[in-house]
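Residue-level structural notes
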Amino acid sequence: QVQLVESGGGLVQPGGSLRLSCAASGSIFSNDAMGWYRQAPGKQRELVADITSAGFTNYADYVKGRFTISGDNAKNTVYLQMNSLKPEDTAVYYCNIVLRTTSWGTGQDYWGQGTQVTVTS
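Residues numbered from 1 in each chain as written. Predicted model: local features only at pLDDT ≥ 70, side-chain atom pairs only at ≥ 80, totals over all residues. Heavy atoms only, no water.

**Thoughts on the side chain of Thr-77**
Selection criterion: Numbering of helices and strands runs from the N terminus, with a helix taken as a DSSP run of H or I at least four residues long and a strand as a DSSP run of E at least two residues long. Here the term buried applies to any residue with accessible area under 20% of the maximum for its type, exposed to any over 50%, and partly exposed to those in between, with areas from a 1.4 Å probe on protein chains only. Throughout this description, a polar contact denotes any pair of N or O atoms lying within 3.5 Å of each other; where both atoms belong to protein, one of them has to be capable of donating a hydrogen while the other can accept it, and for residues adjacent in sequence the pair is counted only when both atoms sit in side chains. Residues count as neighbours in contact if any of their non-hydrogen atoms are within 4.5 Å of one another.
Within the secondary structure layout, Thr-77 lies in strand β8 (residues 77-82). Its relative accessible area of 7% is what places Thr-77 among the buried residues. In terms of polar contacts, Thr-77 uses its side chain to reach the backbone carbonyl oxygen of Lys-75, at 3.0 Å. Ignoring sequence-local partners within four residues, the contact set of Thr-77 consists of Cys-22, Ala-23, Met-34, Ser-70, Gly-71 and Asp-72.

**Focus: the pairing of strand β7 (residues 67-72)**
To keep things clear, this is the line we draw: Pairing between two strands is assigned when DSSP locates at least 2 bridges connecting them.
The sheet contact formed by β7 and β8 spans six bridges and is antiparallel. Across the sheet, the residue bridging to Asp-72 is Thr-77, located in β8.

**Brief notes about the state of the cysteines**
Selection criterion: To count as a disulfide, a pair of cysteine sulfur atoms needs to be within 2.5 Å.
The full count for this structure, using the stated rule, is one disulfide. Linked covalently through their sulfurs, Cys-22 and Cys-95 form a disulfide whose S-S length is 2.0 Å. Handedness here is read from the sign of the S-S torsion; for Cys-22 and Cys-95, about 45°, the answer is right-handed. Of this pair, Cys-22 sits in strand β3 (residues 18-26) while Cys-95 sits in strand β9 (residues 91-100), placing them 73 residues apart in sequence. Each member of the pair Cys-22 and Cys-95 is classed as buried.

**Observations regarding the side chain of Arg-38**
When you line up the elements, Arg-38 lands in strand β4 (residues 30-39). Looking at Arg-38, its side chain comes within polar contact range of the side chain of Asp-89, at 2.9 Å. Not counting chain neighbours up to four residues away, the residues in contact with Arg-38 comprise Gln-44, Arg-45, Glu-46, Val-48, Tyr-62, Val-63, Phe-67, Glu-88, Asp-89, Ala-91, Val-92 and Tyr-93.

**Notes on the packing of aromatic side chains**
Where we set the bar: Centres within 6.5 Å are what make two rings of Phe, Tyr or Trp a pair, Trp counting through its six-membered ring; a difference in plane orientation under 30 degrees is then read as stacked, over 60 as edge-to-face, and the rest as tilted. A ring has a charge above it when a Lys NZ or an Arg CZ is no more than 6 Å from the ring centre and no more than 35 degrees off the ring normal.
Enumeration according to the criterion identifies one aromatic pair in this entry. Across the ring face of Tyr-79, the terminal group of Arg-19 is positioned such that the distance to the ring centre comes to 4.2 Å. Note that Arg-45 overlies the ring of Tyr-94, its terminal NZ or CZ placed 3.7 Å from the centroid.

**Some points on the environment of Ile-51**
When you line up the elements, Ile-51 lands in strand β5 (residues 46-52). On the basis of relative accessible area, Ile-51 is assigned to the buried category, the value being 9%. For the pair formed by Ile-51 and Leu-20, sequence separation is 31 residues and the distance between their alpha carbons is 15 Å. If we ignore the near neighbours within four places in the chain, the residues touching Ile-51 are Ala-33, Met-34, Phe-56, Thr-57, Ile-69, Ser-70, Gly-71 and Val-78.

**What to know about the nonpolar core**
Note the threshold: In these notes, a set of buried Ala, Val, Leu, Ile, Met, Phe, Trp, Tyr and Cys residues joined through side-chain atoms within 4.5 Å is what counts as a nonpolar core.
Among the nonpolar cores identified, the biggest contains 30 residues, and Leu-4, Trp-36, Val-78, Leu-80, Met-82 and Tyr-93 are the most heavily contacted of them. Contributing elements (two or more residues each) for this core: β1 (2-7), β3, β4, β5, β7, β8, β9 and β11 (115-119).

**Here we look at the sheet that holds β3**
In any sheet, the strands associate via hydrogen bonds between backbone groups, in a parallel or an antiparallel arrangement. Selection criterion: Helix axes are fitted to C-alpha atoms over the stretch in contact, other axes to C-alpha atoms as well, and angles between N-to-C directions run from 0 to 180 degrees.
With antiparallel pairing, four strands are arranged side by side in an open sheet as β1-β3-β8-β7. Only two strands of the sheet have a single neighbouring strand rather than two, namely β1 and β7. Looking at each pair of strands side by side, their axes are set apart by 15° on average, direction ignored.

Laid out in C-alpha cells, this is it:
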C-alpha cells in the first residue's frame, strides 16, 4: 500500500510564508511526477504547480513568482514553498504523486489527505 502524508498548512497573515510537505511511503519503485492542487470553498480543484522526476516545473499563472515547488525523488517527497501569500490563496491544498510500485508498471495517481491554508489578517 502507498500512503501520502501532508504537513505544513496553517494560518498566516497576508504577505507571509508557509512551506508544505508531502511524503509518500509504502511499496514504491519510483515517481513520474509530483504536484500540488488546491480547492477553495465552492470551487473546483485546480493545479497549483507540478514537477516531473527530471525536475521540470510548471506553475499556475496566479502563483508564478510567489510559490516554488521542489521534490526529492529518493524520498518521494514534494514541497511547496509559498511566499507573499494572499487571502485568495486560502484553500485546502492537496499533493498528488504519480507513482510506480513496480519497474514494469505504469504510474498511478495518489493523493494526500489535504491541508488547510488560511491567509487572513
